[in-house]
Amino acid sequence: MTVRVRVAAVIAGELAITGDEHHYLGRVRRVRVGDAVVLVDGAGRVADAQIVAMTDGETRVRAGEPRVEAEPRPRVHALIPWIKGDRMEHCVEKLVEVGCSRVVVWPAERAVVKLTGARLADRARKLAEAAIAAARQCGRAADVEVVAVESLRDAVEAVAGAAARFVLSPTADRATPSSLATLADDVALASGPEGGLAPRELDALVAAGFAPLGLGPRVLRAETAPVVAVALIRAATGS
């Protein structure tokens, strides 16, 4: 399996890897001098490299010429509410793995979790770290941005450029490959919390151009529905 490691900047030549990434290479992946790795910078730049030396404090690699790995189109933005416990991290990780381009977390009225101020910022930072780790694990060259906003209005404004917009609803018509095959370059998906969207939230989303979209006859958990929706879009568009 290809070992990917994140660096501040992908450049050709020799460079030192320290800190958590050095620990990841030596203690987690147990690489050795002579092994091949792939360097990524989180912005889509990639380079093949070979480990040339390892000490307790750093791993030195020699990298080839960088290249750019383009992110798939359409870009898919997931508007998800706060979800209780570890399921929030699980949702973000799986969204990254199935190809979500950006995650916008918003405070749904019926969400169990309520965060503000420093707690909100700290939780958002941890989710961003989880997204970075998931991107590395699944082989993505670019990080997936995770942003936390303070209202549904802010969440809608965060995806102002998305021409195609959907709100997941268990009562809406089921999505089909043909209905998703020719989407705009930017797609926004909004989903609700454990207790579902409040009527006024659904009305606000519909008023903002979000078309109701169903995922089948079963009611999916809050952390499952957006992951399934993104996977369906990726499968339908071949991206």
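Refer to the preceding data block for the structure.
Summarised in this report is the structure supplied together with it.

Each value, and the rule that gives it
Position numbers for residues count from 1 along each chain, tracking the sequence in the order it is written. Local features are withheld for residues below a pLDDT of 70 in this predicted model, meaning they are given only at 70 or higher, and side-chain atom pairs are given and counted only at 80 or more; totals for whole chains, interfaces and linings count all residues. Side-chain measures were taken over the full set of non-hydrogen atoms in the model, leaving aside hydrogen atoms and water. To qualify as a helix, a DSSP run of H or I must reach at least 4 residues; to qualify as a strand, a run of E must reach at least 2; elements of each kind are numbered from the N terminus. One fewer than the residue count of a helix, multiplied by 1.5 Å, yields its expected span. Exposed residues in this analysis have more than 50% of their type's maximum accessible area, buried residues have under 20%, and partly exposed residues fall in between, with area computed by a 1.4 Å probe over protein chains only. Throughout, the arc means the angular range of directions from the helix axis out to the C-beta atoms. When checking whether two residues touch, look at their non-hydrogen atoms; a contact exists if any pair is within 4.5 Å. For two strands to be treated as a pair, DSSP must find no fewer than two bridges joining them. For helices, the fitted line uses only the C-alpha atoms of the stretch in contact; every axis is such a line through C-alpha atoms, and the angle between N-to-C directions lies from 0 to 180 degrees. Working rule for angles: under 35 degrees goes down as roughly parallel, over 145 as roughly antiparallel, 65 to 115 as roughly perpendicular, anything else as oblique. Three categories are distinguished: nonpolar for Ala, Val, Leu, Ile, Met, Phe, Trp, Tyr, Cys and Pro, charged for Asp, Glu, Lys and Arg, and polar for the others, with Gly belonging to the last. For salt bridges, the criterion is a side-chain nitrogen of Lys or Arg within 4 Å of an Asp or Glu carboxyl oxygen. A clockwise turn of the near helix away from the far one marks a right-handed crossing, whereas an anticlockwise turn of less than a right angle marks a left-handed crossing. By nonpolar core we mean a set of buried residues, namely Ala, Val, Leu, Ile, Met, Phe, Trp, Tyr and Cys, connected to one another through side-chain atoms within 4.5 Å. Of the grid points, spaced at 1 Å and generated over the protein atoms alone, those admitting a 1.4 Å probe that cannot get out make up cavities, while open sets with protein on both sides within 12 Å along at least five of seven lines make up pockets; any residue with an atom within 4 Å of a point is treated as lining. Grid points are joined across faces, edges and corners, and a volume is the space filled by probe spheres set on the points.

Between its first and last C-alpha, helix α2 (residues 87-98) extends 16 Å over 12 residues, near the 16 Å set by a 1.5 Å rise per residue. Taken residue by residue, α2 has M88, E89, C91, V92, L95 and V96 as its buried positions. Down the axis of α2, the buried side of the element spans an arc of 160°, and every buried residue falls inside it. The inward-facing, buried residues of α2 contact β7 (75-81), β8 (102-106), α3 (117-138), β9 (145-148) and α7 (225-237). Backbone geometry just downstream of α2 places G99 in the positive-phi region, at approximately 110°.

For helix α1 (residues 19-28), every residue scored as buried is listed here: E21, H22, Y24, L25 and G26. Summarising the contacts, the buried residues of α1 are in contact with β1 (4-6), β2 (13-17), β3 (36-40), β4 (45-54), β5 (59-63) and α3. Phi turns positive one or two residues past the end of α1, at R30, with a value near 55°.

Our next topic: the sheet that holds strand β12 (residues 211-213). With parallel pairing, 6 strands are arranged side by side in an open sheet as β9-β8-β7-β11-β10-β12. Each having just a single partner strand, β9 and β12 make up the two edges of the open sheet. Taken pair by pair, the neighbouring strands of this sheet meet at an average axis angle of 25°, ignoring direction. Pairing of β7 with strand β11 (residues 186-190), which is carried by 5 bridges, proceeds in the parallel orientation. Along β11, the bridge assignment pairs A78 with L189. Where α2 meets the sheet, its contacts fall on β7, β8 and β9, and the angle it forms with β7 comes to roughly 170°. Strands β7, β10 (164-168) and β11 of the sheet are contacted by α7, whose axis makes an angle of about 170° with β7.

Below, the discussion takes up the packing of α2 against α7. Orientation of α2 relative to α7, taken along the N-to-C sense of each, is 0°, at an axis distance of 9 Å. What the angle tells us is that α2 and α7 run roughly parallel. Between α2 and α7, the contacting residues are C91, K94, L95 and V98 on the first element and P226, V227, V230, A231 and R234 on the second. In terms of residue class, the contact of α2 with α7 is built from 7 nonpolar, no polar and 2 charged.

Here the structure, examined in full by the defined rule, presents 20 salt bridges. For R140, the salt bridge goes to E71, with nearest N and O atoms at 2.4 Å. Highlighted residues: R140 in the loop between α3 and β9 and E71 in the loop between β6 (67-68) and β7, separated in sequence by 69 residues. For R140, a relative accessible area of 11% gives the class buried.

This next bit is on the packing of α2 against α3. With their axes 8 Å apart at the nearest point, α2 and α3 run at an angle of 40° to one another. As the angle between them shows, α2 and α3 are arranged oblique. α3 is crossed by α2, and the crossing has right-handed handedness. Every residue of α3 that contacts α2 at M88, E89, V92, E93, V96 and E97 is listed here: R123, L127, A130, A131, A134, A135, Q137 and C138.

Ranked by size, the top nonpolar core spans 38 residues in total, and within it I80, W82, L95, V103, V105, F166 and L189 carry the most contacts. Sorting the residues of this core by element identifies β7, α2, β8, α3, β10, β11 and α7 as the ones contributing at least two each. When near neighbours in sequence (up to four residues on either side) are disregarded, V103 contacts A78, I80, L95, V144, E145, V146 and V147. Residues W106, A111, A162 and V167 belong to the second largest nonpolar core, which totals 17 residues.

By volume, the largest pocket is sized at about 460 Å³. If you trace the largest pocket, you find 22 residues lining it, with L168, S169, P170, G192 and G196 closest to the centre. Looking at side-chain class alone, the lining of the largest pocket contains 12 nonpolar, 5 polar and 5 charged residues. Residue lining of the second largest pocket: 13 residues in total, with R6, E21, I132, A133 and R136 positioned closest to the centre. Where the lining of the second largest pocket is concerned, the elements lending two or more residues are α1 and α3. A per-element tally of the lining of the second largest pocket places α3 first, with 5 residues. Here the residues of the lining of the second largest pocket sort into 5 nonpolar, 1 polar and 7 charged.

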